[in-house]
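Topology and contacts: notes
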Protein chains: 2
Amino acid sequence: MRLRKLEVFFLKILDATLLSNLPPFEGIENQDLEDLLSLATSARHAKGQHIFDQGDDANAFFLLLDGHVRVVKITPHGEQIIARYISSGELFGIAQAIGRDTYPANAVAAVDCVVLSWPGTIWQQTVQRYPTFATNTYAMIGSRLQDAQDRIVEMATERVEQRVASALLKLANQTGRKTAEGILIDFPISRQDISEMTGTTLHTVSRLLSSWEQQGLVKSGRQKVTVTEGHRLLMVASGQNRD
Amino acid sequence: MRLRKLEVFFLKILDATLLSNLPPFEGIENQDLEDLLSLATSARHAKGQHIFDQGDDANAFFLLLDGHVRVVKITPHGEQIIARYISSGELFGIAQAIGRDTYPANAVAAVDCVVLSWPGTIWQQTVQRYPTFATNTYAMIGSRLQDAQDRIVEMATERVEQRVASALLKLANQTGRKTAEGILIDFPISRQDISEMTGTTLHTVSRLLSSWEQQGLVKSGRQKVTVTEGHRLLMVASGQNRD
DNA sequence: GAGCGAGTTTGCGTTTGCGCAAGCTTGAGG
DNA sequence: CCTCAAGCTTGCGCAAACGCAAACTCGCTC
């Protein structure tokens, strides 16, 4: 059961059509994609496995073909902060692009994953040879910078309640799957995970979810959250629910 | 008095040597620098003047020749957050580089400034023509992404006291000037500014500075902070000052 | 050199959210 | 089907930091 999704992938032939529809590779010729693909290695990572760790030599960059990857920073005191979730089709671990030679965070498979990787050494020649790839990639880094700045503003100005609501909405939009009850976040996520995304404690998240469940905004269970009333949750996120 | 620094600059001839020592332009031929310079416009901005505003069409990118620029984000509720300070020699407002067509923040002259600007339209051709410029620039964006991520971690895990101490140390390192009493932050900075960098209130910053002044870690006055005991302040920043 | 206003200090009450502790639930694996 | 540990809930007390208010101080301008 756990492996079904993976098997589907290994029945597929790894060919150019696999990449051609993904944003980073938009606008690149099929022949070039074949060439790129011939340099890549594919790998499966079981849920929980570390694809790379903070501080490791950055000798590869990655494309997530299937699954979800959690990007986690560790503080000197051992606390964890979730920097972002990677969805399928996204590049990650592109330390080369930003002039680093070690990875700045851990990448952990949130579910079983299929990942392509390229040797870091080909980064330079790749961006030079495919300008659209370079443009796409740098635009993506730009939007991650944006995200990060927005999150700083959020952390600086909003209360925990609002931040948790925003985080759930973002996840629901990004990776939500429509169900009978609402929008289900499509991978296992614990109270602890949510607290590490929002800079709070699992206790506070638990309390908030309980209270929202009573009010009918969400349904949640063990490592599972469904947003049932997005608009009302949005009001919480924007602070319009105060008396 | 206020204009003395500026005048020095306008006595200088704008020539390639002006750029050649700045990190973004490292490794570019003198002739190429002359060409670049011929496309640039120079301007003075008085203290407090807005060089561009959040949401404006991004039709230029900038190089700070002299002075200090504050990059400020405004929230929907009207609160301000200082994203960073730009020191002389740094590029800023490079929305093009990250695929944006409006500026994501305000840029305000923290003191009288001298600024070069180029039309945004030449960004693409510039990065293509000068690969080292592209590399330098993207490495810089990468380090800003890093900074932002680090700040998120800081906001999520550290108390106000630690964040304020870190912010002061960062400013002192970045733009500090050695004086008889210690390291003076080299531009006017108010309690309010510091609070907008650290996600707190001017009251709390004032209380912290008062207490640190009593303990001899800093000296501070109206829009002025001198770090006198960097190592002890560093202990505060890392949380080692608790009983 | 007098007056003004921006910037700063400080006290006090209040709120938010944390820390700790104890008990409960659930689902995966044997 | 049973077990058990990982994940979740909840109560209680407490500390950090905010919000508000009032007073003060310094440096700039006229």
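Residues numbered from 1 in each chain as written. Chains lettered and ligands numbered in written order. Predicted model: local features only at pLDDT ≥ 70, side-chain atom pairs only at ≥ 80, totals over all residues. Heavy atoms only, no water.

Turning our attention to the protein's contact with DNA strand D. Around DNA strand D, the structure places 18 residues, and the nearest of them are A:Ser206, A:Arg222, B:Val160, B:Thr200 and B:Thr204. In DNA strand D, the atoms that sit within 4 Å of the protein are 64% sugar and phosphate, with bases accounting for the remainder. Within the contact set of DNA strand D, a phosphate oxygen lies 2.7 Å away from a side-chain nitrogen or oxygen of A:Ser206. Those elements that provide at least two residues to the surface near DNA strand D are helix H8 (202–215) of chain A together with helix H8 (202–215) of chain B. With 4 residues, the single largest contributor to the surface near DNA strand D is H8(A). When the residues that make up the surface near DNA strand D are grouped by side-chain class, the tally is 1 nonpolar, 10 polar and 7 charged. (Near = heavy atom within 4 Å. Polar contact = N/O pair within 3.5 Å; in protein donor to acceptor, adjacent residues only side chain to side chain. Helix = DSSP H or I, 4+ residues; strand = E, 2+ residues; numbered from the N terminus. Nonpolar A, V, L, I, M, F, W, Y, C, P; charged D, E, K, R; others polar.)

Take the environment of B:Leu116 next. Residue and element names in this part refer to chain B. When you line up the elements, Leu116 lands in strand E8 (residues 113–119). Judged by its relative accessible area of 1%, Leu116 is buried. As for Leu116 and Leu39, which are separated by 77 residues in sequence, their C-alpha atoms are 9.9 Å apart. Dropping the residues within four chain positions of it, Leu116 is found in contact with Leu19, Leu37, Ala40, Thr41, Ser42, Phe61, Phe62, Leu63 and Leu65. (Buried < 20%, exposed > 50% of the residue type's maximum accessible area, 1.4 Å probe, protein only. Contact = heavy atoms within 4.5 Å.)

Our next topic: the sheet that holds strand E11 (residues 218–221) of chain A. All names here are of chain A. Taking strand neighbours across the sheet as the criterion, the 4 strands line up as E9-E10-E12-E11 in an open arrangement whose pairing is antiparallel. Where the open sheet ends on each side, the last strands, each with one partner, are strand E9 (176–178) and E11. Between one strand and the next, the sheet's axes are offset by a mean angle of 25 degrees, whatever the strand orientation. (Pairing = 2+ DSSP bridges. Axes fitted to C-alpha atoms, helices over the stretch in contact; angles between N-to-C directions.)

Under the criterion given, the structure shown has 20 salt bridges over all chains. We note a salt bridge from B:Arg159 to B:Glu161, for which the minimum N-O separation is 3.3 Å. According to the relative accessible area criterion, B:Glu161 is buried, its value standing at 17%. The network of salt bridges with shared partners includes A:Arg84, A:Glu90, A:Arg144 and A:Asp147. (Salt bridge = Lys/Arg side-chain N within 4 Å of Asp/Glu carboxyl O.)

With that settled, the discussion passes to the nonpolar core. By size, the foremost hydrophobic cluster in this structure holds 63 residues, and its most contacted members are A:Phe25, A:Leu63, A:Ile141, B:Phe25, B:Leu63, B:Trp118 and B:Ile141. Once residues lying within four places of it in the same chain are set aside, the contact partners of A:Ile141 are A:Ile94, A:Ala97, A:Ile98, B:Ile141 and B:Leu145. (Core = buried A, V, L, I, M, F, W, Y, C linked by side-chain atoms within 4.5 Å.)

Residues and elements named next belong to chain B. Summed over all chains, the structure comprises 23 aromatic pairs over all chains. Centroid distance Phe52 to Tyr103: 3.9 Å. Interplanar angle 15 degrees. Geometry classified as stacked. Here Phe52 is found in strand E2 (residues 50–52), whereas its partner Tyr103 is found in the loop between strand E6 (91–92) and strand E7 (106–109), with 51 residues between them in sequence. With relative accessibility at 9%, the residue Phe52 sits in the buried group. Here Tyr103 falls in the buried class, since its relative accessible area comes to 3%. (Phe/Tyr/Trp six-rings, centres within 6.5 Å; stacked < 30°, edge-to-face > 60°.)

It takes a turn of 180 degrees to lay chain A on chain B, together with a shift of 0.0 Å along the axis; the resulting RMSD is 0.0 Å. Between the two chains, the operation in question is that of a two-fold axis. Most of the interface of chain A is mirrored in chain B: 100% of its interface residues are interface residues there too. (Least-squares fit on C-alpha atoms with pLDDT ≥ 70 in both.)

Turning to the interface of chain A and chain B, a few remarks are in order. Counting residues at the interface gives 28 residues for chain A and 28 residues for chain B. Together, the buried faces of chain A and chain B total about 2,700 Å²; carbon and sulfur atoms form 71% of this surface. Where chain A meets chain B, there are 2 salt bridges. The shortest N-O distance in the salt bridge between A:Asp150 and B:Lys73 comes to 3.2 Å. When contributions to the side of chain A that touches chain B are tallied by element, the ones reaching two or more residues are strand E5 (80–86) and helix H5 (131–157) of chain A. In terms of residues, the side of chain A that touches chain B owes the most to one element, H5(A), which gives 16 residues. Across the side of chain A that touches chain B, the residue classes break down as 14 nonpolar, 8 polar and 6 charged. (Buried area = accessible area lost by both parts, 1.4 Å probe.)

On to the side chain of A:Ser166, then. Secondary-structure assignment places A:Ser166 in helix H6 (residues 160–175). With sequence-adjacent residues up to four places away left out, A:Ser166 is seen in contact with A:Glu154, A:Glu158 and A:Ala237.

With that out of the way, let us pick up the pairing of strand E7 (residues 106–109) of chain A. All names here are of chain A. Taking every second residue as pointing to the same face, both faces of E7 are buried, with Asn106 and Val108 on one and Ala107 and Ala109 on the other. Here 2 bridges tie strand E2 (residues 50–52) to E7, and the two strands are oriented antiparallel to one another. Bridging from a neighbouring strand, Phe52 pairs with Ala107 of E7. Relative to E7, strand E4 (residues 69–74) runs antiparallel, the two sharing 4 bridges. When the bridges of E7 are listed, Val69 appears paired with Ala109.

Before going further, it helps to examine the domain arrangement of chain A. Residues and elements named next belong to chain A. Domain boundaries assigned for chain A yield domain 1 (2–155) and domain 2 (158–237). The C-alpha centroid of domain 2 is placed 26 Å from the C-alpha centroid of domain 1. Listed per partner, the contact involves 13 residues of domain 1 and 14 residues of domain 2. Taking both partners together, domain 1 and domain 2 bury about 1,300 Å²; carbon and sulfur atoms supply 54% of that area. Here Arg70 ties to Asp193 by a salt bridge, and the two come within 3.8 Å at their closest N and O atoms. Among the elements of the structure, E5 and H5 are those that each provide at least two residues to the side of domain 1 that touches domain 2. For the side of domain 1 that touches domain 2, the class distribution of residues is 6 nonpolar, 3 polar and 4 charged. (Domains from an automatic or database assignment.)

Here we come to H8(B). All names here are of chain B. A rise of 1.5 Å per residue sets the reference length of H8, with its 14 residues, at 20 Å; its end C-alpha atoms lie 20 Å apart and thus fit the reference within 8%. Turning to H8, its buried residues are Val205, Leu208, Leu209 and Trp212. An end-on view of H8 places all buried positions within 100 degrees of arc, on one side of the element. Residues of H8 that are exposed and point over 90 degrees away from its buried face: Arg207 and Gln214. Lining the buried residues of H8 we find helix H6 (160–175), helix H7 (191–198), strand E11 (218–221), strand E12 (224–227) and helix H9 (230–237). (Expected span 1.5 Å × (residues − 1). Arc of directions from axis to C-beta.)

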